[in-house]
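Fold and geometry: a report
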Amino acid sequence: MREIILDTETTGLDPLRGDRLVEIGCVEIFNRMPTGQTFHRHLNPEREMPAEAFAVHGLSTEFLAGKPLFAHVVEEFLEFIGDAPLVIHNASFDIAFINAELERIKRPPIARERLVDTLLLARRKHPGVSNRLDDLCSRYAIDNSRRTRHGALLDAELLAEVYIDLIGARQSQLILGTEIRIPHADGQGDTPRRQRPIPLTPRVTEADRAAHWDFVATLGEKPVWHDFF
């Protein structure tokens, strides 16, 4: 199953008061494993960057002035996300900004039924504690040392790792990643067989092997099974 991990950065907290998107970052995962495919764009918000927002993500008015408008990247963005579920931390925040931008250019909104909110998942799994992205990275031993400021693509990459742990898919990956395929004797397809990540310690010792071959040597040059091979 294809899913898109998505994060945004904005000029503020409320699109209804004129705050705008300034960055979108998306990471594709397939069957709960990152594929390496991403979508990342900085956007010109057509307004000044408030100091409070700049302190969060470090994206200045001057830096964003030469970036494309949302309308100029919307086709590429919508093509990348396709009809896949969108995995977002605090999804109501990000989708409100994306849908406000879509409404501004007369495009249909993204349905909320597509959203997977990792903040809600985390609150169910870890009630009564903080479930910010940094907290979840610490809880699942995910290295977030590069996250000195918020950044849409970096945060989406971190969230992809968090999501895989949050839904318990990390162990499944370890199992599925060690399967091999054994051909059927009749040539019709094959059957999956799991391999252990660490092989079991052999129970047959070198002394056992030596004793076996000593025994075989006592059977003569033509043992009873010789004619079958």
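Residues numbered from 1 in each chain as written. Predicted model: local features only at pLDDT ≥ 70, side-chain atom pairs only at ≥ 80, totals over all residues. Heavy atoms only, no water.

1. Remarks on helix α3 (residues 70–81)
Just so we agree on the cut-off: Relative accessibility decides the category of a residue: with a 1.4 Å probe and only protein chains considered, values under 20% of the type maximum give buried, values over 50% give exposed, and everything between is partly exposed. Each helix is a run of H or I in the DSSP string that is no shorter than four residues. Each strand is a run of E no shorter than two, and both are numbered from the N terminus. Arc definition: directions from the helix axis to the C-beta atoms. What makes two residues a contact is simply this: any of their non-hydrogen atoms within 4.5 Å.
Considered for burial, the residues of α3 that qualify are F70, V73, V74, F77, F80 and I81. Around the axis of α3, the buried residues are gathered within 135° of arc, so they sit on the same side. Along α3, the residues that are exposed and aim more than 90 degrees away from the buried face are H72 and E79. Elements in contact with the buried residues of α3: β1 (2–10), β2 (21–30), β3 (33–42), β4 (86–88) and α4 (91–104).

2. Digging into the confidence of the model for the protein chain
So the rule is basically this: Each residue carries a pLDDT score, the predictor's own confidence in it, on a scale running from 0 to 100.
Confidence in the prediction for the protein chain averages 86 pLDDT; 78% of positions are at 70 or higher. Of the regions scoring below 50 in pLDDT, residues 174–180 engages in 12 contacts with residues more than four places distant in sequence or in other chains. Scored below 50 in pLDDT, residues 191–196 makes 16 contacts in the model with residues more than four places away or belonging to other chains.

3. Let's talk about the packing of α3 against α4
The following threshold applies: An axis is simply a line fitted to the C-alpha atoms; with a helix, the fit covers only the stretch in contact. Between two such axes, the angle follows the N-to-C directions and lies from 0 to 180 degrees. Convention used here: angles under 35 degrees read as roughly parallel, angles over 145 as roughly antiparallel, angles from 65 to 115 as roughly perpendicular, and any remaining angle as oblique. Here a crossing is taken to be left-handed if its near helix is turned anticlockwise relative to the far helix by less than a right angle, and right-handed if that turn runs clockwise. Gly falls in the polar group here, along with every residue not listed as nonpolar (Ala, Val, Leu, Ile, Met, Phe, Trp, Tyr, Cys, Pro) or charged (Asp, Glu, Lys, Arg).
As a packed pair, α3 and α4 sit with axes 10 Å apart at the nearest point and diverge in direction by 115°. When the axes of α3 and α4 are compared, the pair comes out roughly perpendicular. In the packing of α3 onto α4, the handedness of the crossing is left-handed. Seen from α3, the contacting residues are F70, V74, F77 and L78; seen from α4, they are I98, E101 and L102. Residue composition of the contact of α3 with α4, grouped by class: 6 nonpolar, no polar and 1 charged.

4. Let's talk about the nonpolar core
As a reminder of what qualifies: Residues enter a nonpolar core if they are buried and are Ala, Val, Leu, Ile, Met, Phe, Trp, Tyr or Cys, with the set joined through side-chain atoms within 4.5 Å.
I24, C26, F77, I81 and I110 are the most contacted members of the largest nonpolar core, which totals 23 residues. Secondary structure elements with two or more residues in this core: β1, β2, α3, β4 and α4. At 6 residues, α3 tops the list of elements feeding residues into this core. Among all residues touching I24, those that are not within four sequence positions of it are D7, T8, F39, H40, R41, L43, F70, F77 and A152. Counting 19 residues, the second largest nonpolar core, distinct from the first, contains I5, I29, Y140 and I142.

5. Examining the pairing of β2
Rules: DSSP calls a pair of strands paired once it identifies at least 2 bridges connecting them.
When you tally the buried positions in β2, you get 9 out of 10 residues, the bulk of the element. Sheet topology note: the β1/β2 ladder contains 9 bridges and is antiparallel. Bridge assignment links E3 to a residue of β2, and that residue is I29. Across 7 bridges, β2 lies against β3 in antiparallel orientation. Paired with V27 across the two strands is T38, which belongs to β3.

6. Thoughts on the side chain of E9
Our working rule: Counted as positive: Lys and Arg. Counted as negative: Asp and Glu, with His and the chain ends omitted from the count. Take a side-chain nitrogen of Lys or Arg and a carboxyl oxygen of Asp or Glu: if they are within 4 Å of each other, that pair is a salt bridge.
Within the secondary structure, E9 sits in strand β1. Buried charge without a partner: E9 forms no salt bridge, and the closest opposite charge is R147, 5.9 Å away. Every residue in contact with E9, bar those within four places of it in the chain, is listed here: R20, L21, V22, E23, V56, H57, H150, G151, A152 and D155.

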